[in-house]
Amino acid sequence: MSFTPQFFTTAESLVDSLDKRLLVVLRDGRKIIGILRSYDQFANLVLQDSLERIYVGDAYGDIERGVFIIRGENVVLLGEIDGDIEDTLTLRQLPIEDIMQMQREEAEEKARKDKLRHHLLYKQGFSVDFADNDLY
């Protein structure tokens, strides 16, 4: 009699990730790193010693979050962090204040470019006012 390995496609597949350091990407774009301590049948997660990591260019900053509870429906991606590979990355860690300033500048630059693009499209006859004209 041979044993066929089973592959779980439900929350049970998280059993191998317990007590490991994970990166969780949320629907709103935040990236949370922490140790998975518990989960339930809805894939709600409890992370211990967690931090929110913000990336801007080739730099990142961390905000300590402690125990972090994540509702399962907000998880986009979940993966184990390999400490050896993480140590060899060329990203530089900066104070969170610097990262937040860089993030604000990046958002302002994106808004400026979007405004210019919308203006050019409008001049060509395209409607770009999604807030008022979106019928959904």
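Taking an unreviewed UniProt entry as the reference, the chain is identified by name as U6 snRNA-associated Sm-like protein LSm1 belonging to Coemansia thaxteri. What UniProt states about the chain under its Sequence similarities (unreviewed entry) heading is, verbatim, "Belongs to the snRNP Sm proteins family."

K.L.:
Tell me about the sheet that holds strand S1 (residues 21-26), and please be specific about residues and values.
P.N.:
Taken in spatial order, the six strands make up an open sheet running S5-S1-S2-S3-S4-S6, and their pairing is mixed. Strand pairing shows two members of the sheet lacking a second neighbour, strand S5 (75-80) and strand S6 (92-93), which therefore form its edges. Pairing of S1 with S5, which is carried by five bridges, proceeds in the antiparallel orientation. Looking at S5, one finds that Leu22 is bridged to Glu80. Contacts from helix H2 (residues 96-123) reach strand S3 (45-56) and strand S4 (59-70) within the one sheet, and its direction differs from that of S3 by about 60 degrees.

K.L.:
Give a description of the pairing of S4 that names residues and reports values.
P.N.:
Relative to S4, S3 is paired through ten bridges, and the arrangement is antiparallel. Among the inter-strand pairings, Leu47 is bridged to a residue of S4, identified as Phe68. Bridge count for S4 against S6 is two bridges, and the pairing is parallel. In the sheet register, Tyr60 faces S6, and the bridge partner there is Gln93.

About the criteria used
Residues numbered from 1 in each chain as written. Predicted model: local features only at pLDDT ≥ 70, side-chain atom pairs only at ≥ 80, totals over all residues. Heavy atoms only, no water. UniProt positions renumbered as here; feature names shortened; annotations may be inferred. Pairing = 2+ DSSP bridges. Helix = DSSP H or I, 4+ residues; strand = E, 2+ residues; numbered from the N terminus. Contact = heavy atoms within 4.5 Å. Axes fitted to C-alpha atoms, helices over the stretch in contact; angles between N-to-C directions.

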